[in-house]
Amino acid sequence: MSKKKNKAKIKNKAKKSLKEFDKYYYYEKSVQSAENDVQFLKKTYKEIKGKEAKSLREDFCGTFKISCEWVKMDKKHTAVGVDLDPEPIEYGKKNYYPELNEEQQSRVEILTENVMATGLPKADIVDAQNFSYFLFKKREDLRAYFKNALKGLNKDGLFIVDCFGGSQCYEPNEEETEHDEFSYFWDQDKHDPVTNEALFYIHFKRKGEKKREQVFTYDWRLWSIPEIREIMEEAGFKKTHVYWEGTEKDGTGDGVFSKVTNGEECEGWVAYVAAEK
Ligand SMILES: C[S@@+](CC[C@H](N)C(=O)[O-])C[C@H]1O[C@@H](n2cnc3c(N)ncnc32)[C@H](O)[C@@H]1O
């Protein structure tokens with residue numbers, strides 16, 4: 001899913017070219033905005049809790065780019081990333097971790113673990129990004145994950161997840177985003193209205209090369225905002241808040257998320273839900 005990124009941001013990011021096809025490089029250029037994500041986490045914690053968050057646990061961390069940006073942001077920040085797949089973790093260790101100085105590195109810990117594991121480190125913010133928890137297809141499984149996230153929060157902790165939806169999610173469609181040297185394709189292969197399950201692929205095409213199909217695959221259930229909030233409350237969270245993205249004149253997202261009580265109809269939207277311990 002391309003978060004409703006504005007075009008200037010997409011252009012600025014697509015500079016470097018690589019000889020070898022590096023799927024995480026193109027993924028990062030296409031779907032991640034870790035610098036903006038950590039700004040959002042910091043601002044949201046301050047807005048809801050009235051103080052600064054120090055520790056972050058990045059669940060489903062993949063290449064743990066958000067953890068790296070979090071420790072760069074402030075000397076008091078610490079981060080723990082959790083992912084069960086060693087491949088993206090290794091990528092992060094080779095590509096993002098070395099960009100940190102030694103002191104910053106000492107404030108990041110990466111665990112090759114299941115987010116359902118007991119005894120994961122506690123943090124002020126537990127964050128699950130890029131819709132990773134959509135892999136839980138049963139309500140009881142999602143509730144069990146949310147309960148584990150709640151257990152992982154310090155007193156006054158905040159659990160933050162992103163989510164997406166919109167009318168285009170209910171039928172197959174493929175959206176191409178052109179960058180300077182490559183195209184990114186977000187392909188919704190199918191949607192089942194009975195189960196609300198949907199299958200997505202990411203494809204890439206470098207200029208002058210054949211399209212590389214199904215570089216990433218996501219077999220998800222599309223959880224709605226009210227379902228997410230209800231399940232968070234069932235899991236024991238005290239209160240939930242929804243952050244909705246503003247829109248530029250041309251209809252693309254402006255990257256600014258504000259607390260709302262109602263949304264607006266949209267072909268494709270991305271939002272955050274923040275849940276208070
Ligand atoms: C959609 S990717 C998101 C990666 C990263 N958060 C991002 O924003 O790009 C989902 C990640 O979740 C990991 N994952 C899937 N199930 C998991 C589980 N039960 N526990 C920990 N990590 C899991 C996968 O290995 C993968 O790296």
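Note that this is a predicted model, so its numbers are computed, not measured.

1. Notes on the layout of surface pockets
For the largest pocket, the calculated volume is near 810 Å³. Along the wall of the largest pocket there are 36 residues; nearest its centre are Tyr 27, Phe 60, Asp 83, Ser 132 and Tyr 218. Those elements that place two or more of their residues in the lining of the largest pocket are α2 (23-31), β1 (55-59), β2 (78-83) and β9 (212-221). For the lining of the largest pocket, the leading source of residues is β9, giving 5 residues.

2. A word on the pairing of strand β6 (residues 173-178)
As judged from the 6 bridges shared by β6 and strand β7 (residues 182-192), these two strands associate in the antiparallel manner. What sits directly across from Glu 174, in β7, is Asp 187. Adjacent in sequence and paired antiparallel, β6 and β7 are bridged by 3 residues.

3. Some points on the site of the ligand
Residues in contact with the ligand amount to 17 residues; listed here are only the nearest, Tyr 27, Phe 60, Asp 83, Val 115 and Asn 130. Between the ligand and Tyr 27 there is a distance of 2.5 Å, counted from an oxygen atom to a side-chain nitrogen or oxygen. Between the ligand and Leu 84 there is a distance of 3.3 Å, counted from a nitrogen atom to a backbone nitrogen or oxygen. Within the complex, the protein chains bury 85% of what would otherwise be the 590 Å² of accessible surface of the ligand. Taken atom by atom, the bulk of the ligand overlaps the largest pocket. In terms of residue class, the shell around the ligand is made up of 8 nonpolar, 6 polar and 3 charged.

4. Comments concerning the packing of α2 against helix α5 (residues 86-95)
Remark: α2 packs on α5, axes separated minimally by 11 Å, with the N-to-C direction vectors making an angle of 80 degrees. Considered as vectors, α2 and α5 are oriented roughly perpendicular to each other. Along the contact surface, α2 presents Lys 23, Tyr 24 and Tyr 25, while α5 presents Glu 87, Pro 88 and Tyr 91. Classifying every residue of the contact of α2 with α5 by side-chain character gives 4 nonpolar, no polar and 2 charged.

Parameters and conventions
- Residues numbered from 1 in each chain as written.
- Predicted model: local features only at pLDDT ≥ 70, side-chain atom pairs only at ≥ 80, totals over all residues.
- Heavy atoms only, no water.
- 1 Å grid on protein atoms, 1.4 Å probe; cavity = no way out; pocket = protein on both sides within 12 Å on 5 of 7 lines; lining within 4 Å.
- Points joined across faces, edges and corners; volume = space filled by probe spheres on them.
- Helix = DSSP H or I, 4+ residues; strand = E, 2+ residues; numbered from the N terminus.
- Pairing = 2+ DSSP bridges.
- Near = heavy atom within 4 Å.
- Polar contact = N/O pair within 3.5 Å; in protein donor to acceptor, adjacent residues only side chain to side chain.
- Areas by Shrake-Rupley, 256 points an atom, 1.4 Å probe, with all protein chains shown as cover.
- Sits in = over half its atoms within 2 Å of the grid points.
- Nonpolar A, V, L, I, M, F, W, Y, C, P; charged D, E, K, R; others polar.
- Axes fitted to C-alpha atoms, helices over the stretch in contact; angles between N-to-C directions.
- Parallel < 35°, antiparallel > 145°, perpendicular 65-115°, else oblique.
- Contact = heavy atoms within 4.5 Å.

Just distances and angles here, no functional claims.
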